[in-house]
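Structure assessment
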Amino acid sequence: MKVITAPSAGFCWGVERAIDIARKNTGEDRRVYTDGPLIHNRQMMEQLEGEGIREVGDYQSQSPLELENQTGDVMVVRAHGVSPERRTYLKNLGMTFKDATCPDVGIIAGKVKLHARKGYQVVIFGDPKHPEVIGILGYATSGGHVVSNPEDIAALPDLGEEVCMVSQSTMFVDEFQKLASLLVQRFPKAVIINTICGATRERQDDIYTLINQGVEAIVVVGGRHSANTIKLASLVEKNGLPAFHVESPEELDVSCLKQYAKIGLTAGASTPGYLIDAVREKLEAE
Ligand code: SF4
């Protein structure tokens, strides 16, 4: 079986940066905590736990934390960012505070904050349950609304003239554009800011490259909660190819793939390289 690996498969710069920040703060005399998963990859979080980086709190970074504070311990903000209220809460825990929010998410939060200050109603294209969206929504102090589909746009109340639209960083560009044009039909003066990050666009573009290279199916490696991994698998299926989303090589049932002569391989932005390599080796052994 021939396997073609997408050049962009694996860690994006925001994830690498978050892991670096957490690792640099480990030490024998202190504990390092992350408020919810630092990144959306279970295997990587388990590896980090072994290095002394402990995930506390919940998936959405909303529940109160019960920690025995110890001077010198470190609290690291996840790559997805948190709301301003949560940031204040974490800063007041009495530990050293380190911010590993991806700068691309920080840019979205900054744009929302700026427009909210001017009185804009903010519309965010994304998953209302995703921690990144929950965090960004916290900056929409003059009014925030999350939309996922055309029905949500139709259901928006009258937002007046000052409306601004941004996107969760990991969405599809074509869907954002479609919803943005529907929003403009309802609110002609709406300011549209495409905040889908470069890493997401690159990984989505590579799916089209793999398809153009003649792959018959694509294996996508990444966490079940990883928004960009889920989107990659769904993009493969949208283009009429079978997608096999696995978290690890153990989940890969190669008997289902034997019928294909050429397979594409990609991975979400939070998937460590060793998992991609292990999946590729398993495929190539067939
Ligand atoms: S996927 Fe984009 S926004 Fe998310 S961590 Fe990576 S670079 Fe940052």
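Residues numbered from 1 in each chain as written. Predicted model: local features only at pLDDT ≥ 70, side-chain atom pairs only at ≥ 80, totals over all residues. Heavy atoms only, no water.

The next subject is the overall build of the chain. What the chain contains, in helices and strands, is 10 helices and 12 strands. Considering only C-alpha atoms, the chain reaches an extent of 55 × 55 × 25 Å along its principal axes. For the chain, contacts bridging at least 24 residues in sequence account for 70% of all contacts bridging at least 6. Working note: accessible area of the chain is about 12,600 Å², and carbon and sulfur atoms make up 49% of it. Of note, the chain has its 30 positive side-chain charges centred 5 Å away from the centre of its 38 negative side-chain charges. (Helix = DSSP H or I, 4+ residues; strand = E, 2+ residues; numbered from the N terminus. Contact = heavy atoms within 4.5 Å. Areas by Shrake-Rupley, 256 points an atom, 1.4 Å probe, with all protein chains shown as cover. Lys, Arg positive; Asp, Glu negative; His and termini not counted. Charge placed at Lys NZ, Arg CZ, Asp CG, Glu CD.)

Take the site of the ligand next. All residues in the neighbourhood of the ligand are listed as Cys-12, Trp-13, Gly-14, Cys-102, Asp-104, Val-105, Ser-169, Cys-197 and Ala-199. Residue assignment for the shell around the ligand shows that the elements contributing at least two residues are α1 (13-24) and α4 (103-117). When its residues are assigned to classes, the shell around the ligand shows six nonpolar, two polar and one charged. (Near = heavy atom within 4 Å. Nonpolar A, V, L, I, M, F, W, Y, C, P; charged D, E, K, R; others polar.)

Once that is clear, we can look at the pattern of salt bridges. Taken as a whole and assessed by the stated rule, the structure comprises 13 salt bridges. Arg-30 serves as the salt-bridge partner of Asp-29, at 3.1 Å between the closest nitrogen and oxygen. With relative accessibility at 55%, the residue Asp-29 sits in the exposed group. Measuring nitrogen to oxygen at the nearest pair gives 3.4 Å for the salt bridge that ties Glu-175 to Lys-238. Remark: Lys-238 occurs in helix α9 (residues 227-238) and Glu-175 occurs in helix α7 (residues 173-186); sequence separation between them is 63 residues. A residue is classified by how much of its surface remains accessible, and Glu-175, at 28% relative accessible area, is partly exposed. With relative accessibility at 45%, the residue Lys-238 sits in the partly exposed group. (Salt bridge = Lys/Arg side-chain N within 4 Å of Asp/Glu carboxyl O. Buried < 20%, exposed > 50% of the residue type's maximum accessible area, 1.4 Å probe, protein only.)

Our focus in this paragraph is the sheet that holds strand β3 (residues 53-56). The sheet built from four strands is open, its strands ordered β3-β2-β4-β5 with parallel pairing. Since the sheet does not close on itself, it has two edges, and those belong to β3 and β5 (96-99), each with one partner. Averaged over all pairs of adjacent strands, the angle between strand axes in this sheet comes to 30 degrees, irrespective of strand direction. As judged from the three bridges shared by strand β2 (residues 32-35) and strand β4 (residues 74-77), these two strands associate in the parallel manner. Of the residues in β4, the one forming a bridge with Val-32 is Val-74. Strand contacts of α1: β2, β3, β4 and β5, with the helix running at about 160 degrees to β5, the strand carrying the most contacts. (Pairing = 2+ DSSP bridges. Axes fitted to C-alpha atoms, helices over the stretch in contact; angles between N-to-C directions.)

Looking now at the side chain of Thr-195. Residue position: Thr-195 is located in the loop between β9 (191-192) and α8 (198-212). Since its relative accessible area comes to 9%, Thr-195 is described here as buried. A distance of 2.6 Å separates a polar side-chain atom of Thr-195 from the backbone oxygen of Ser-167. The contacts of Thr-195, once residues within four sequence positions are left out, are Ile-108, Lys-111, Val-166, Ser-167 and Ser-169. (Polar contact = N/O pair within 3.5 Å; in protein donor to acceptor, adjacent residues only side chain to side chain.)

Along its sequence, the chain is carved into domain 1 (2-9 + 198-284), domain 2 (13-101) and domain 3 (104-192). Computed from C-alpha atoms alone, the centre-to-centre distance between domain 1 and domain 3 is 30 Å. Taken residue by residue, the interface counts 10 residues in domain 1 and 10 residues in domain 3. Between domain 1 and domain 3, a total of about 750 Å² is buried, with carbon and sulfur atoms accounting for 58% of that surface. Our count for the domain 1 to domain 3 interface comes out at two salt bridges. Counting the contacts that link domain 1 with domain 3 gives three residue pairs in polar contact (both at pLDDT 80 or more). Of all elements in the fold, only α8 and α9 reach the threshold of two or more residues within the side of domain 1 that touches domain 3. (Domains from an automatic or database assignment. Buried area = accessible area lost by both parts, 1.4 Å probe.)

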